[in-house]
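Each chain, letter by letter, is given below.
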Amino acid sequence: MIIKFSSKEYNIIIINNAYVLWLLTDNVGNSYLVNARCPHKGGPLFLGYCETNHIICPWHGQRISIDSLIMKAWPIIINDYDITVVSPIEGILRFINYKSCRN
Amino acid sequence: MFSTVTFKNALSELVNLPIYTKRDSIELINSPYHRPLPDDMLSFNYDSMLSKDNVLSPSGYRASLLLRSIYETDLFFLPYNSNVRFKELESFYSYNHKLLCEIVRSGLEKHTYGFLETLINVSGDWKEKDILEYFTEEQKDFDAGEYPNPTVKVIETSSNPQRAAKNFLIRLSPDTMAEGSALMRRLLGSFGIAQSELFKIAIDEYGYGVNNHKHSVLFLEMLESCNLNTDLHRYWNYYTPATLLAHNYFHYLSKNTNLFFRYLGKLFLAEASFSNASKQYARMLKNIFGNTINVKYFEEHSTIDIYHGRMVLKNIITEVIRNFGSYAIREILIGYESFKKLLHISNDAFCQQIAWLDACDHLIGTGETNIDNHSLQSYSVKSDINETDTEIYIEKGSVFLSPGYSSIIPLKPNNKVTIPKYHFYTLIISEQGIVKINK
């Protein structure tokens, strides 16, 4: 499924109330669409605290490296503010804008 | 890239060559080698990169005009009659000219297209199935595009649709008069199936060896049928920065061999989107001009580009990404998205330009006049664009303002006209004419 949205309006996509994806910007300004659920217990990483190379999960304080999130990033294209995602999952979409520590 | 000093010296020598000077006629007559440039080419700094917000700036316009000429030193042009100015031909294709062009080219390219490197980003784990799914969806969207698309709508709703349509055809002409040339530049070498498939497309572009079927010839017949001139670059002074920005991009990609995969991405967008667009343009032109206009050029593209779009995706892109993986995917996507952005900038600018062209009819109250090109020989011609609203004040003499083709507005001493920012215009100034430009 192709998903299109504007990064001016949103930075979080939720698919079928199960997959939570976060448009995360790394230290050099590149953007990635990463799984925003903590691998430990599924906590919402976009609500977490940021360190230079890590996100601290707000639930149990797990330190998740940004590199590990980027390694599993979903395929996206950023064309100015237009974001295109090729999603392997079909379903109902919800878009959210949340001012996190990494946007 | 060459050093700043080498660049500046070469640019200085280049813009003083006779083929780039003498801007004394709004339409260029009978010489595809004469490419007049603004006389202040050296007053601008081409070192920095433009951004998406100022890519249509005065320095962007100047860089794009010169890049057009630089790319075309690879193409051979002859006028359609025997009045060849052989001195200009020799100068245009001379070693010295080509050498100077090559010294300044990469600097001008970076100035003009560098902004795309920061604007377009491809990230994540792209697989073959992902890019094919994306492009297949894009193709469906292009095919489903309903009449009228935004460009057609602006032309049809213009207060003077015939004039708007002629400006649209002039906008296409830098590329279509030598259609297929940028594509052909990248066919040499040895690169397997992709090379053979590209060749098939090139053969179609060139009418499989039959002159009257060549796409460039079909385009010229269309121009002729609505009373536009068919001389190569006759309308050079009407090429807007936005027009040149989009048309030069394919030359930029094919000239730089390392950008081959981006070239494929650009080619896919062009071929996939042009079938539906061509159907719309053919219908629009018939609505506007009636049956007198020959729209074979667009009718041909409305069918052939269905095949070309499929061929590029299934036979070339699929093959290439199967062999060259994630590097090729990323580069193809960058080429595709970059051209999409440039088309967006170019289409928006065209729509704005037509609205301004219409508004100018009321600005002075004189509207379209019957002044022909010959009556304006020996006048100096200054085409430009500004980054701020600019006031033009006529101090003395005979001056004309042209906001686009087929609109030449006479101005008198003490007349003031405000040119909105990022709107292209031409001033035609008599020998005695004095114009103050307040930015």
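Residues numbered from 1 in each chain as written. Chains lettered and ligands numbered in written order. Predicted model: local features only at pLDDT ≥ 70, side-chain atom pairs only at ≥ 80, totals over all residues. Heavy atoms only, no water.

Colleague: Can you walk me through the overall build of chain A in this structure?
Modeller: Secondary structure assignment for chain A yields one helix and 10 strands. For chain A, the sequential pattern of α-helices and β-strands runs β-β-β-β-β-β-β-α-β-β-β. Relative to the 2.2 N^0.38 estimate, which gives 13 Å for 103 residues, the radius of gyration of chain A is 13 Å and therefore close to what a compact globule would have. Taken along the three principal axes of its C-alpha coordinates, chain A extends 35 × 30 × 25 Å. Counting over 103 residues, chain A shows a buried share of 50%. Residue pairs in contact within chain A that sit at least 24 positions apart in sequence constitute 54% of those at least 6 positions apart. Within the structure as shown, chain A displays about 5,300 Å² of accessible surface, and the carbon and sulfur contribution to it stands at 50%. One finds the centroid of the 9 positive side-chain charges in chain A at a distance of 9 Å from the centroid of its 7 negative side-chain charges. (Helix = DSSP H or I, 4+ residues; strand = E, 2+ residues; numbered from the N terminus. Rg over C-alpha atoms; globule rule 2.2 N^0.38 Å. Buried < 20%, exposed > 50% of the residue type's maximum accessible area, 1.4 Å probe, protein only. Contact = heavy atoms within 4.5 Å. Areas by Shrake-Rupley, 256 points an atom, 1.4 Å probe, with all protein chains shown as cover. Lys, Arg positive; Asp, Glu negative; His and termini not counted. Charge placed at Lys NZ, Arg CZ, Asp CG, Glu CD.)

Colleague: Where do I start with the interface of chain A and chain B in this structure?
Modeller: It is common to give the size of an interface as the accessible area that goes away when the parts come together. At the junction of the two partners, chain A supplies 17 residues and chain B supplies 18 residues. The largest contributions to the chain A side of the interface with chain B come from A:Ile77, A:Asn79 and A:Asp80, which together make up 35% of the buried area. At the junction of chain A with chain B, the criterion picks out three salt bridges. A salt bridge links B:Glu138 to A:Lys4, with the nearest nitrogen and oxygen atoms 2.7 Å apart. Between the two partners, chain A and chain B, sit 11 residue pairs in polar contact (both at pLDDT 80 or more). When contributions to the side of chain A that touches chain B are tallied by element, the ones reaching two or more residues are strand S1 (2–6), strand S4 (31–35), strand S8 (76–79) and strand S9 (82–86) of chain A. (Buried area = accessible area lost by both parts, 1.4 Å probe. Salt bridge = Lys/Arg side-chain N within 4 Å of Asp/Glu carboxyl O. Polar contact = N/O pair within 3.5 Å; in protein donor to acceptor, adjacent residues only side chain to side chain.)

Colleague: I tried to follow the side chain of B:Asp361 on my own but got confused; where do I start?
Modeller: Residues and elements named next belong to chain B. Position of aspartate 361 among the secondary structure elements: in helix H14 (residues 296–364). Of the residues examined, aspartate 361 reaches a relative accessible area of 17% and is grouped as buried. In this structure the side chain of aspartate 361 is engaged in a polar contact, spanning 2.9 Å, whose partner is the side chain of arginine 163.

Colleague: Where do I start with the sheet that holds strand S10 (residues 93–96) of chain A in this structure?
Modeller: Strands in a sheet are paired, the pairing made by backbone hydrogen bonds, and the direction either parallel or antiparallel. All names here are of chain A. Taken together, four strands build an open sheet; the order of strands is S4-S3-S2-S10 and the sheet is antiparallel. Unpaired on one side and paired on the other, S4 and S10 mark the two borders of the sheet. Averaged over all adjacent pairs, the angle separating strand axes in this sheet is 20°, with direction ignored. Note that strand S2 (residues 12–15) and strand S3 (residues 19–25) share four bridges and pair antiparallel. (Pairing = 2+ DSSP bridges. Axes fitted to C-alpha atoms, helices over the stretch in contact; angles between N-to-C directions.)

Colleague: Sorry if this is basic, but what is going on with helix H6 (residues 128–143) of chain B here?
Modeller: Counting along an α-helix, one turn takes 3.6 residues, and residues three or four places apart therefore face a common direction. For H6(B), which comprises 16 residues, the first-to-last C-alpha distance of 23 Å matches the rise-based estimate of 22 Å (1.5 Å per residue) to within 8%. For H6(B), the full list of buried residues reads B:Asp130, B:Ile131, B:Leu132, B:Tyr134, B:Phe135, B:Glu138 and B:Gln139. (Expected span 1.5 Å × (residues − 1).)

Colleague: Would you mind going over the sheet that holds S1(A) with me for this structure?
Modeller: Strand order in the open sheet formed by four strands is S1(A)-S9(A)-S8(A)-S1(B), and the pairing between neighbours is antiparallel. What marks the edges here is a single partner per strand, and that holds for S1 of chain A together with strand S1 (120–123) of chain B. The sheet shows a mean angle of 15° between the axes of neighbouring strands, taken without regard to direction. Of the pairings in the sheet, the one linking S8(A) to S9(A) comprises four bridges and is antiparallel in character. Among the inter-strand pairings, A:Ile76 is bridged to a residue of S9(A), identified as A:Val85.

Colleague: For this particular structure, what's the right way to read a nonpolar patch on the surface?
Modeller: Residue and element names in this part refer to chain B. Among the surface-exposed residues, Phe199, Ile203, Tyr208 and Val210 lie close enough to one another that they form a single nonpolar patch of about 380 Å² accessible area. Among the secondary structure elements, phenylalanine 199 is positioned in helix H10 (residues 192–205). Using a relative accessible area of 42% as the deciding quantity, one classes phenylalanine 199 as partly exposed. (Patch = residues over 30% accessible without salt bridge, like charges linked within 9 Å, V, L, I, M, F, W, Y side chains within 5 Å.)

Colleague: Where do I start with the packing of H6(B) against helix H13 (residues 260–289) of chain B in this structure?
Modeller: Each packed pair of helices is defined by two parameters, the angle between the axes and the distance between the axes. Residue and element names in this part refer to chain B. H13 packs onto H6 with a crossing angle of 25° between their chain directions and a minimal axis gap of 8 Å. By the criterion of interaxial angle, the relationship of H6 to H13 is roughly parallel. In terms of crossing hand, the pair formed by H6 and H13 is right-handed. Residues Phe135, Gln139, Phe142 and Asp143 of H6 pack against Phe268, Leu269, Ala272, Ser273 and Asn276 of H13. Counted by class, the contact of H6 with H13 contains five nonpolar, three polar and one charged residues. (Parallel < 35°, antiparallel > 145°, perpendicular 65-115°, else oblique. Left-handed = near helix turned anticlockwise from the far one by under 90°. Nonpolar A, V, L, I, M, F, W, Y, C, P; charged D, E, K, R; others polar.)

Colleague: Explain the state of the cysteines to me, please; I cannot follow it from the model alone.
Modeller: A complete count under the given rule lists one disulfide over all chains for this structure. One disulfide in the model links A:Cys50 with A:Cys101; its S-S distance is 1.7 Å. Judged by the torsion about the S-S bond (65°), the A:Cys50/A:Cys101 disulfide is right-handed. On the criterion of sequence distance, the pair formed by A:Cys50 in strand S5 (residues 49–50) and A:Cys101 in the segment after S10 is long-range, its members being 51 residues apart. The partly exposed category is assigned to A:Cys101, whose relative accessible area is 37%. The thiol sulfur of B:Cys226 is not disulfide-bonded, and the nearest other cysteine sulfur, from B:Cys351, lies at 19 Å. (Disulfide = S-S within 2.5 Å.)

Colleague: Please clarify how the side chain of B:Asn237 should be interpreted in this entry.
Modeller: All names here are of chain B. Following the sequence through the fold, asparagine 237 ends up in the loop between helix H11 (215–225) and helix H12 (241–255). Asparagine 237 gets classed as buried once you look at its relative accessible area, which sits at 0%. When neighbours within four sequence positions are excluded, asparagine 237 is seen to be in contact with Arg23, Ser25, Ile26, Leu28, Pro36, Val381, Ser383, Phe424 and Thr426.

Colleague: What should I look at first to understand the nonpolar core in this one?
Modeller: In summary, soluble globular proteins display a tendency toward joint burial of nonpolar side chains. Counting residues in each nonpolar core, the largest one holds 133 residues, and the members touching the most others are B:Phe135, B:Leu169, B:Leu285 and B:Phe298. Of all the elements, H14(B) adds the most residues to this core, at 22 residues. Not counting residues within four places of it along the chain, the set of residues in contact with B:Leu285 comprises B:Ala165, B:Leu169, B:Met222, B:Gly290, B:Ile293, B:Val295 and B:Phe298. Counting 18 residues, the second largest nonpolar core, distinct from the first, contains A:Tyr32, A:Ala36, A:Ile55 and A:Ile66. (Core = buried A, V, L, I, M, F, W, Y, C linked by side-chain atoms within 4.5 Å.)

Colleague: Got a minute to help me understand the pairing of S2(A) in this structure?
Modeller: On a regular strand, each side chain points to the face opposite its neighbour's, so the side chains alternate between the two faces of the sheet. Neither face of S2(A) is exposed, since A:Ile12 and A:Ile14 on one face and A:Ile13 and A:Ile15 on the opposite face are all buried. Taken together, S2(A) and the strand that follows it, S3(A), pair antiparallel across an intervening segment of three residues, in which A:Asn16 is found at a positive phi of about 55°.

Colleague: What exactly am I supposed to notice about the packing of aromatic side chains here?
Modeller: Aromatic rings in a pair are described by how distant their centres are and how their planes are angled relative to each other. Residue and element names in this part refer to chain B. Evaluated as defined, the whole model comprises 36 aromatic pairs over all chains. With centroids separated by 6.5 Å and ring planes inclined at 25°, the aromatic side chains of phenylalanine 168 and phenylalanine 298 adopt a geometry described as stacked. A residue pair is termed long-range when its members are at least 10 positions apart, and phenylalanine 168 in helix H8 (residues 161–176) and phenylalanine 298 in helix H14 qualify at 130 residues. With relative accessibility at 0%, the residue phenylalanine 298 sits in the buried group. Aromatic pair phenylalanine 260 and phenylalanine 261: ring centres 5.5 Å apart, planes at 65°, arrangement edge-to-face. A relative accessible area of 13% places phenylalanine 260 in the buried class. With relative accessibility at 14%, the residue phenylalanine 261 sits in the buried group. Of the aromatic side chains, those joined through ring pairs into one cluster are Phe168, Phe219, Phe274, Tyr281, Tyr297, Phe298 and Phe350. Across from the ring centre of tyrosine 147, 3.6 Å away, lies the NZ or CZ of arginine 283, which sits over that ring. (Phe/Tyr/Trp six-rings, centres within 6.5 Å; stacked < 30°, edge-to-face > 60°. Lys NZ or Arg CZ within 6 Å of the ring centre and 35° of its normal.)

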